Each structure stands twice: as structure tokens, then as C-alpha cells.
Amino acid sequence: MWYGVFPVSGAVAIDPLMAFAMRMPIRAKTFRAAIACFFALFSACGHAEGIDTEHIFGFMIGADVGDVGEREFQSQTTARFARNGGNYRAVGQELELELVPFRNFRIEVGGDFAAHDISGVPGLEDRRQLALQGGALDLRYKFLDRDGAPFGLTFAVESHFSRVDETSAAPVRNFGNEFTLAFDRELLPNVVAALNLTYQPEWTRVFATGAAEQESTVGAALGLMAQIRPGILFGGEARYFRKYEGIGLEEFAGEALFVGPTAYFKLSEKSRLTASWGVQAWGRPAGSNAALDLVNFERHQARLVFGVNF
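About the cut-offs
- Residues numbered from 1 in each chain as written.
- Predicted model: local features only at pLDDT ≥ 70, side-chain atom pairs only at ≥ 80, totals over all residues.
- Heavy atoms only, no water.
- Helix = DSSP H or I, 4+ residues; strand = E, 2+ residues; numbered from the N terminus.
- Contact = heavy atoms within 4.5 Å.
- Salt bridge = Lys/Arg side-chain N within 4 Å of Asp/Glu carboxyl O.
- Buried < 20%, exposed > 50% of the residue type's maximum accessible area, 1.4 Å probe, protein only.
- Pairing = 2+ DSSP bridges.

A. Structural view of the environment of Val 100. Tracing the backbone through its elements, the reader meets Val 100 in strand β2 (residues 87–102). Taking the C-alpha atoms as reference, Val 100 lies 9.6 Å from Arg 140; in sequence the two are 40 residues apart. Apart from the residues within four sequence positions on either side, Val 100 is in contact with Val 65, Gly 66, Asp 67, Val 68, Gly 69, Glu 70, Phe 105 and Arg 106.

Laid out in C-alpha cells, this is it:
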């Protein structure tokens, strides 16, 4: 079975982000204002010193990509719980290898497993299974370094293919890309902030029906981490998403805001651990006045990442 990856140019990746900003409703203006204030803070603060932002966030990414010659093994476990009624639990386990072949450029390859326990959820078949899900290739290039620029800036492209649907656990042929612009900056001594802007187009063919589906998600995330002692950081992340039918943001499907804490621990000179949890604080599916969108998103998300250099 063959899976494809659709390369998208930088211009194509950024245009949907611009469309995202223009389509945001009044209720999302507060989050947009927070992003604007965040950029303003970039120009007012000093350069970051001594904190590597590559792995300190849970669901987000920092602008650092590692040093030339670095090799790492990473285990990433992501759990998602609670949808619109019934019982919904999904856990994804990714095993990844990371390499920095030359300055400012990082390559990551990996494969993942998915476990689902679904019963009584409207719109989803009851399933209880563990399956090999697929694989991914993540490429990152750092364009700006905080040592010589007002902020760090990295562009990341993650291409993935899956044989199991992430939400329903149905057998599918799925492939997609996630384009991310990652900014970061030290706002105060030992306090680091980050901003991620993302666009995620996906193509899916469902084996049971033969139906072909396209969807896309755009998002913005703000993160803040404070180092309380060397190698130990605590903070939080706020992530806002809008989901659409079609890869060109054609038909609005729903939106959600997740907030929650993140902790980073440097276990040794070669190992680390990051833990993050997010709860859907606000959302709404298309055509509804509900306070949460539990049709397109989960109520809770949690992530545990362990990494070791070798």
C-alpha cells in the first residue's frame, strides 16, 4: 500500500493562516489580541540566554532545533478523552529518532501505535482495538536565532500517513501535513514565551465506504515556561483551533480553545521528560450555541514525552 505526501510551498502554507485571522469571529478577538501583544513583547525584551526551547513545551514546539551532530530517541504518548456522549478514550504512542545533520536543520522520523476504546458516542462506531497506525517525517529549519535577532523563528513541516483514523479508529488511508511557524523569546530572565501558528490539511479515504474526505485545521498557540531551577521549568499552554471541511478552509466545522499546565524536567545530561495537559475551556461546533465543541475535539488532552541523547 502506498501513501503520498503533498508538498506545499511557504506561500500556500501562510495564506490559510491569513485567512484564519480574517475569519475569526468576535468571540475569538481576545485570543487574537493576545497574539498581537505577544509580538509587541518580542521587540521590547532582551535576548534569551541559557534555555533550550526545543523540547520544553508539550503540544507546542520551540524555535530551537538542537546542535549539529545531535541524535535523540523520543517516546511521545498522547491521550485524548471524552467526546459528545458515551465513552471515548484514545491513546497514541509515537517512537521517533531525531538527527541534526547540519546547522539549524533537524530531521525526525517515527512510527506510531493507536489504542481506542469507543462506545455509545454519537456518530462513531463502537470499537476497542490496538493497531499500528502509521509513520511521520518531521523537518524543521531555524531561520532566526535569538542570539542575533529579536526572536527565534523556525519553520516546521510534518508529513504523516495513517492506516487507522485518529478519531474513529476506522481503517483508512490518510495522509496530511502540518505546517508550523514557531516563534520564541525570553521575556524575563528564566521566563520563555512561544507562539505557534499552524495549518494542517488532510486527505482521507475510508475503506468501508470508499468515501474520499478532505479537511483542514488552522490554529494559534501561546506558551509560557519559567525555569524555577536549572533543568526544571513549569508553565502552561493555550491553544485555539478552527476546523474546516476541505483543505482550503471552505466550510467551517467547529472551533475549540484548550488551556492547561506544562512541566519540563532535565533528568540527566542526556535525558529529559515533558508532561502537558489541556482541557477544552471553550468551543462550539458549526450551527450550535454549545459552550464546547465535543463533535470535532476532545474534552481533555494529555501528553508525556521522554527523550534521550545517544
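So, next bit.
B. Highlighting the pattern of salt bridges. Counted according to the given criterion, the structure contains 17 salt bridges. A salt bridge links Arg 272 to Glu 72; the nearest nitrogen and oxygen atoms lie 3.3 Å apart. With Arg 272 in strand β11 (residues 271–285) and Glu 72 in strand β1 (residues 71–81), the pair connects residues that are 200 residues apart, well separated along the chain. One exposure class covers both Arg 272 and Glu 72, and it is buried. A salt bridge links Arg 284 to Glu 255; the shortest N-O distance between them is 2.6 Å. Separated by 29 residues along the polypeptide, Arg 284 in strand β11 and Glu 255 in strand β10 (residues 251–266) bring together distant segments of the chain. Through salt bridges with shared partners, a single network forms among Glu 54, Glu 98, Arg 106, Glu 108, Asp 138 and Arg 140.

C. Structural context of the pairing of β11. Along β11, 11 of the 15 residues are buried, which leaves the element largely enclosed by surrounding structure. Strand direction decides the pairing type here: β10 and β11, joined by 11 bridges, are antiparallel. Counterpart to Thr 262 in the pairing with β11 is Ser 276. Between β10 and the antiparallel strand that follows it, β11, lie four residues. By the bridge criterion, nine bridges tie β11 to strand β12 (residues 300–309) in an arrangement that is antiparallel. Within β12, the residue paired with Trp 277 across the bridge is Ala 302.

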